[in-house]
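# Summary of the model geometry
What follows is each chain in one-letter form.
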Amino acid sequence: MRLALVMMGGGARAACQAGALRALAELAGQAAPARRAAPFTVICGTSAGAINATSIASHADQFAHGAHAAPRTLFDSTPLARMLPHALNFHRIEQMLDERLLYALAVTALIELGYRDTLAQSDVLLAWLKAPTDGASNDFGARRN
């Protein structure tokens, strides 16, 4: 069975998500102390929730680490464009897919007023991701459906 995690956008929601992720990581560690991997193999996020989604996805082998990294990315006062490459490890997403600790990551963001784009990285079918996109490029080498 695969579990999916979907995180909505909005700064306040993303801050709440960060706290919820930390609590989930603590509970997961108590339930299965030997398991370090995230219980979620399909992860989706929109806007600010995409930051949390990418943090969890890039640390799918270390759920607690990804969960604890999320709050730092949300409360850091560094400008977002400079902070994200340091806070989120995009190169590890491909590794997590290869190791089958992650089956899919999809993030959606508003790139221009009225235009959104969904970026996906997966080796499995993502038929649900067939909505039209606006063709914006991405920085983490995602394969698009």
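Everything in this summary refers to the structure shown in the same document. Bear in mind the structure is a predicted one, so any value in this text is a computation, not a measurement. (Residues numbered from 1 in each chain as written. Predicted model: local features only at pLDDT ≥ 70, side-chain atom pairs only at ≥ 80, totals over all residues. Heavy atoms only, no water.)

## Details of the overall build of the protein chain
Our working rule: Strands are runs of DSSP state E lasting at least two residues, helices are runs of H or I lasting at least four, and both sets are numbered from the N terminus onward. Exposed residues in this analysis have more than 50% of their type's maximum accessible area, buried residues have under 20%, and partly exposed residues fall in between, with area computed by a 1.4 Å probe over protein chains only. In what follows, residue pairs with any heavy atoms lying within 4.5 Å of each other are defined as contacts. Using a 1.4 Å probe, the Shrake-Rupley method yields the accessible areas, and only the shown protein chains count as cover for residues.
Along the backbone of the protein chain there are 5 helices and 4 strands. Sequence-ordered secondary structure for the protein chain, helices as α and strands as β, is β-α-β-α-α-α-α-β-β. Here the protein chain, with 145 residues, has 42% of them falling under the buried criterion. Put simply, 57% of the contacts in the protein chain that link residues at least 6 apart link residues at least 24 apart. For the protein chain, the exposed area adds up to about 8,100 Å²; of that, 58% sits on carbon and sulfur atoms.

## Things to note about the pairing of strand E1 (residues 3-7)
In plain terms, the rule: For two strands to pair, DSSP has to find at least two bridges joining them. The crossover handedness rule: strands pointing away from the viewer, path from first strand over the helix to second strand clockwise, crossover right-handed.
Strand direction decides the pairing type here: E1 and strand E2 (residues 40-46), joined by 5 bridges, are parallel. Bridge pairing in E2 places Leu5 opposite Ile43. You can see the chain leave E1, run along helix H1 (residues 11-31) and come back into E2, and the turn it takes is right-handed.

## Overview of the environment of Arg35
Its location among the elements puts Arg35 in the loop between H1 and E2. With relative accessibility at 47%, the residue Arg35 sits in the partly exposed group. Between the C-alpha atom of Arg35 and that of Asp61, which follows or precedes it by 26 residues, the distance is 9.0 Å.

## Side note on the side chain of Ser55
To keep things clear, this is the line we draw: As used in this structure description, the phrase polar contact means that two N or O atoms lie within 3.5 Å; if the pair is within protein, one of them must be able to donate a hydrogen and the other to accept it, and residues adjacent in sequence are counted only when both atoms belong to side chains.
The topology assignment puts Ser55 in helix H2 (residues 48-58). On the basis of relative accessible area, Ser55 is assigned to the buried category, the value being 0%. One polar contact links the side chain of Ser55 to the main-chain carbonyl oxygen of Gly66, over a distance of 2.8 Å.

## Some thoughts on the nonpolar core
Quick reminder of the rule: To define a nonpolar core, start from buried Ala, Val, Leu, Ile, Met, Phe, Trp, Tyr and Cys residues and group those joined through side-chain atoms within 4.5 Å.
In terms of nonpolar packing, the biggest core is built from 21 residues, with Met7, Leu21, Ile43, Ile56, Phe63, Leu102 and Leu105 touching the most fellow members. Every element with two or more residues in this core is listed here: E1, H1, E2, H2, helix H3 (63-75), helix H5 (91-98) and strand E3 (104-112). Once residues within four sequence positions are removed from consideration, Phe63 is found in contact with Leu21, Leu24, Ala25, Ala28, Arg36, Ala37, Ala38, Pro39, Phe40 and Ile56. Listed in part, the 5 residues of the second largest apolar core include Cys44, Tyr103, Ala104 and Ala106.

## Concerning the packing of aromatic side chains
Inclusion rule: Under the pairing criterion, centres of Phe, Tyr and Trp rings, with the six-membered ring standing for Trp, must be within 6.5 Å; the plane angle then separates stacked pairs below 30 degrees from edge-to-face pairs above 60, leaving the rest tilted. Criterion for a charge above a ring: Lys NZ or Arg CZ within 6 Å of the ring centre, and within 35 degrees of the ring normal.
For the structure shown, the criterion picks out 1 aromatic pair. Just above the ring of Tyr103 sits the side chain of Arg2; from NZ or CZ to the centre is 3.7 Å.

By themselves, these are just geometric observations and shouldn't be taken as functional.
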